[in-house]
Amino acid sequence: MAPPDDLAAVAPAEPTAAPRARRSRAWWIVGLVVFGLLIQLPNPFEELFWGSFAPRRIDRPSIPDGERRAASAERLVLLISFDGLAKTVLERHMPSTIADLVRDGSVAAFANDLSDSTLESHGVTISSQPAEESGFSAHTYRPWSRFRGPTIFTVCAREGLRCALLVGKAKLAALVAREPGCERFEYLRDPGRGGSGRQVLDATLAYIRERDPDFVMVHLPDIDVVGHRSGWGSDPQLEALTVLDVALRDFLVAASMATSRHLAILISADHGGYGRSHREGRPEVSQVPWILWGDGIPHGLIAAEVSQLDTAPTVAALLGVATPREWRGQNRVPVAPATAPSR
Ligand SMILES: [Zn+2]
């Protein structure tokens, strides 16, 4: 029996069109899976992709002068993070500005950092909690990253302090994307190949002159950038440290002139490094400098073993505010009131 005319017309097309549609659907699925993996697994494209969502600058309504905490008038606290500065690198080459701060300040033999990733490690620093506890465990910018507990900037909001974060890596925006206590966030691009440390310090100085803040966290990327290119402890990295140290001296002189308060400075790092990387598990990565300098801060070596968790509680003590109970570290230096006027 012959098939009806309409069926005979449709039947020959089916074996070619349906497999083609299936094939194209399969390619879409493969493409989506590859894209999904590319933006999930650590790789340069993933950093670039998520980094494109990171804000370059955040300006929030500032606390009016009349509502600022009276006690905050005493000190301007600067937390200066030298990205990638290993204790071993500073032992090989101690540049003059850092040497002066070491001579006159309170210094730990080293501080133990808890993460080998720049973003996560800075998260540990400002939250005084390991990443598993704080919930902030990203190595690159993710729009949904957040802390479960309070950070230094949460304390700024609670206490009426004027605070800011200025950085040389865009992904660090994740630290303050949800922190109303950070009045200004600014990312300074690297105009050359060595890192934007001087640009970050210049912008910090401009911010201090403009806003008279209580606390500024400053991130200097240079040592890490040159380390990845030329190696930890290499001549180019030691040279970058010298250049950054000169910029630091210029900045500190200008900052002390720009504020009527006493400067208190805490210098540390997010991680060290060896070879051309900084994977954890070695003391060259986990041991970083911890140098505290300023009026009312005693001179000498800190006997206790210092951890990165102690940075935020020490900053809180310098600012004269209480440490949140969620924080795991403790203030490592007996801070006296700043006495004489700074100028
Ligand atoms: Zn690095």
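All residue numbers here refer to positions counted from 1 along the written sequence of the relevant chain. Under the rules for a predicted model, residues below a pLDDT of 70 receive no local features and side-chain atom pairs below 80 are neither given nor counted, while totals for whole chains, interfaces and linings still include all residues. Side-chain numbers here rest on the full set of heavy atoms in the structure, without hydrogens or water.

### Points about the packing of helix α9 (residues 197-211) against helix α11 (residues 235-258)
Here is step 1 of the chain: Fitting a line to C-alpha atoms yields each axis, with helices limited to the stretch in contact; the angle taken between N-to-C directions then spans 0 to 180 degrees. Labels follow the DSSP assignment, with helices taken as runs of H or I lasting at least four residues and strands as runs of E lasting at least two, numbered in each case from the N terminus. α11 packs onto α9 with a crossing angle of 5 degrees between their chain directions and a minimal axis gap of 10 Å. Viewed along their axes, α9 and α11 adopt a mutual orientation that is roughly parallel. From α9, Gly197, Arg198, Leu201, Thr204, Leu205, Ile208 and Arg209 reach across to α11, where they touch Leu244, Val246, Ala247, Leu248, Asp250, Phe251, Ala254, Ala255 and Ala258.
Here is step 2 of the chain: Throughout this entry, Asp, Glu, Lys and Arg are counted as charged residues, while Ala, Val, Leu, Ile, Met, Phe, Trp, Tyr, Cys and Pro are counted as nonpolar. The remaining residues, Gly among them, count as polar. When grouped by side-chain class, the residues that make up the contact of α9 with α11 number 11 nonpolar, two polar and three charged. Oblique is the label for any angle not under 35 degrees, not over 145, and not in the 65 to 115 range, which are roughly parallel, roughly antiparallel and roughly perpendicular in turn. Two residues form a contact once any of their heavy atoms are found within 4.5 Å.

### Focus: the packing of aromatic side chains
Here is step 1 of the chain: We call Phe, Tyr and Trp rings a pair once their centres come within 6.5 Å, taking the six-membered ring for Trp, and we label the pair stacked below 30 degrees between planes, edge-to-face above 60, and tilted otherwise. Evaluation of the coordinates by the stated rule reveals nine aromatic pairs.
Here is step 2 of the chain: With a centroid separation of 5.7 Å and 40 degrees between ring planes, the pair formed by Trp50 and Phe53 is classed as tilted.
Here is step 3 of the chain: Exposed residues in this analysis have more than 50% of their type's maximum accessible area, buried residues have under 20%, and partly exposed residues fall in between, with area computed by a 1.4 Å probe over protein chains only. According to the relative accessible area criterion, Phe53 is partly exposed, its value standing at 45%.
Here is step 4 of the chain: Taken together, the aromatic side chains of Phe35, Phe45, Phe49, Trp50, Phe53 and Trp144 make up a single cluster linked through ring pairs.
Here is step 5 of the chain: Whether a charge lies above a ring is judged from NZ of Lys or CZ of Arg, which has to be within 6 Å of the ring centre and within 35 degrees of the ring normal. Here the guanidinium or amino end of Arg282 rests over the ring plane of Tyr274, the centre of that ring lying 3.7 Å away.

### Digging into the pairing of strand β5 (residues 163-167)
Here is step 1 of the chain: Among the five residues that make up β5, five are buried, leaving the element largely enclosed by the rest of the structure.
Here is step 2 of the chain: Burial along β5 is two-sided: the face carrying Cys163, Leu165 and Val167 and the face carrying Ala164 and Leu166 are both buried.
Here is step 3 of the chain: DSSP bridges decide pairing: two strands pair if at least two such bridges lie between them. Here four bridges tie β5 to strand β7 (residues 215-220), and the two strands are oriented parallel to one another. Its bridge partner being in β7, Leu165 is matched across the sheet by Met217.

### Overview of the coordination of the zinc ion
Here is step 1 of the chain: Note: metal donors comprise N, O and S atoms at 2.8 Å or less from the metal (3.2 Å for Na, K and Ca); water molecules are not included, so apparent gaps in a site are possible. Every protein donor of the zinc ion is accounted for by Asp224 (OD), Asp224 (OD), His228 (NE2) and His278 (NE2), and the metal-donor separations fall at 2.0 to 2.5 Å.
Here is step 2 of the chain: Here a site with four donors is tetrahedral if all angles are between 85 and 135 degrees, and a site with four or six donors is square planar or octahedral if opposite donors are over 155 degrees apart and the other angles are between 65 and 115; anything else gets the irregular label. Because the angles between the four donor atoms bound to the zinc ion fall within 54 to 154 degrees, the donor set is best described as irregular.
Here is step 3 of the chain: When its relative accessible area of 36% is taken as the criterion, His228 is described as partly exposed.

### A look at the sheet that holds β5
Here is step 1 of the chain: If you walk across this open sheet you meet the nine strands as β1-β6-β5-β7-β2-β8-β10-β3-β11, and the pairing is mixed. Each end of this open sheet is capped by a strand with a single partner; those strands are β1 (57-59) and β11 (300-302). With direction set aside, neighbouring strand axes in the sheet form an average angle of 15 degrees.
Here is step 2 of the chain: Looking at chain direction, strand β3 (residues 106-108) and strand β10 (residues 291-294) are connected through two bridges and run antiparallel.

### Quick look at the state of the cysteines
Here is step 1 of the chain: Note on disulfides: each one is a pair of cysteine sulfur atoms within 2.5 Å. Throughout the structure, instances matching the rule amount to one disulfide.
Here is step 2 of the chain: A disulfide bridge connects Cys156 with Cys163, and the sulfur atoms are separated by 2.1 Å. Around the S-S axis, the bridge from Cys156 to Cys163 shows a dihedral of about -90 degrees and counts as left-handed.
Here is step 3 of the chain: Overall, Cys156 belongs to the buried group, its relative accessible area being 1%.
Here is step 4 of the chain: Summary of cysteine pairing: Cys182 is not part of a disulfide, and the nearest cysteine sulfur, belonging to Cys163, is at 7.8 Å.

### Side note on the layout of surface pockets
Here is step 1 of the chain: Cavities and pockets are defined on a 1 Å grid built over the protein atoms alone: a cavity is a set of grid points where a 1.4 Å probe fits but cannot escape, while a pocket is an open set with protein on both sides within 12 Å along at least five of seven lines, and lining residues are those with an atom within 4 Å of any such point. Grid points are joined across faces, edges and corners, and a volume is the space filled by probe spheres set on the points. Empty space within the largest pocket amounts to approximately 670 Å³.
Here is step 2 of the chain: Around the largest pocket, the lining comprises 24 residues; the ones closest to its centre are Glu47, His139, Thr140, Lys169 and Lys171.
Here is step 3 of the chain: If you list the elements that add at least two residues to the lining of the largest pocket, you get α3 (44-51) and α10 (222-230).
Here is step 4 of the chain: Sort the elements by how many residues they give to the lining of the largest pocket and α3 lands first, with five residues.
Here is step 5 of the chain: By residue class, the composition of the lining of the largest pocket is five nonpolar, 10 polar and nine charged.
Here is step 6 of the chain: Of the pockets and cavities examined, the second largest pocket occupies roughly 270 Å³.
Here is step 7 of the chain: What lines the second largest pocket is a set of 15 residues, and nearest its centre among them are Leu101, Leu252, Val253, Leu263 and Trp293.
Here is step 8 of the chain: Elements that contribute at least two residues to the lining of the second largest pocket include exactly α5 (96-104), α11, β8 (262-268) and β10.
Here is step 9 of the chain: Element by element, the count of residues in the lining of the second largest pocket is highest for α5, at five residues.
Here is step 10 of the chain: Across the lining of the second largest pocket, the residue classes tally to five nonpolar, five polar and five charged.

### Remarks on the packing of α10 against α11
Here is step 1 of the chain: Relative orientation of the contacting elements α10 and α11 amounts to 165 degrees, with a least axis distance of 9 Å. Put simply, α10 runs roughly antiparallel to α11. Like other packed secondary-structure pairs, α10 and α11 cross with a definite hand, here right-handed. Residues Asp222, Ile223, Val226, Gly227 and Ser230 of α10 touch α11, and the partners they reach there are Pro236, Gln237, Ala240, Leu241 and Leu244.
Here is step 2 of the chain: Taken together, the residues of the contact of α10 with α11 break down into six nonpolar, three polar and one charged. Left-handed describes a crossing whose near helix is turned anticlockwise from the far helix through less than a right angle; right-handed describes the clockwise counterpart.

### Focus on the confidence of the model for the protein chain
As a general rule, the predicted coordinates of low-pLDDT regions are not to be interpreted in detail.
Here is step 1 of the chain: Values of pLDDT, which run from 0 to 100, indicate the predictor's confidence residue by residue. Of the residues in the protein chain, 93% have a pLDDT of 70 or more, and the chain-wide mean is 89.
Here is step 2 of the chain: The least confident element of the protein chain, judged by mean pLDDT, is helix α1 (residues 5-10) at 50; the most confident is β7 at 98.

### A closer look at helix α13 (residues 311-319)
Here is step 1 of the chain: With eight of nine residues buried, α13 is to be regarded as a mostly interior element.
Here is step 2 of the chain: Immediately beyond the C-terminal end of α13, within one or two residues, lies Gly320, with a positive phi of roughly 75 degrees.

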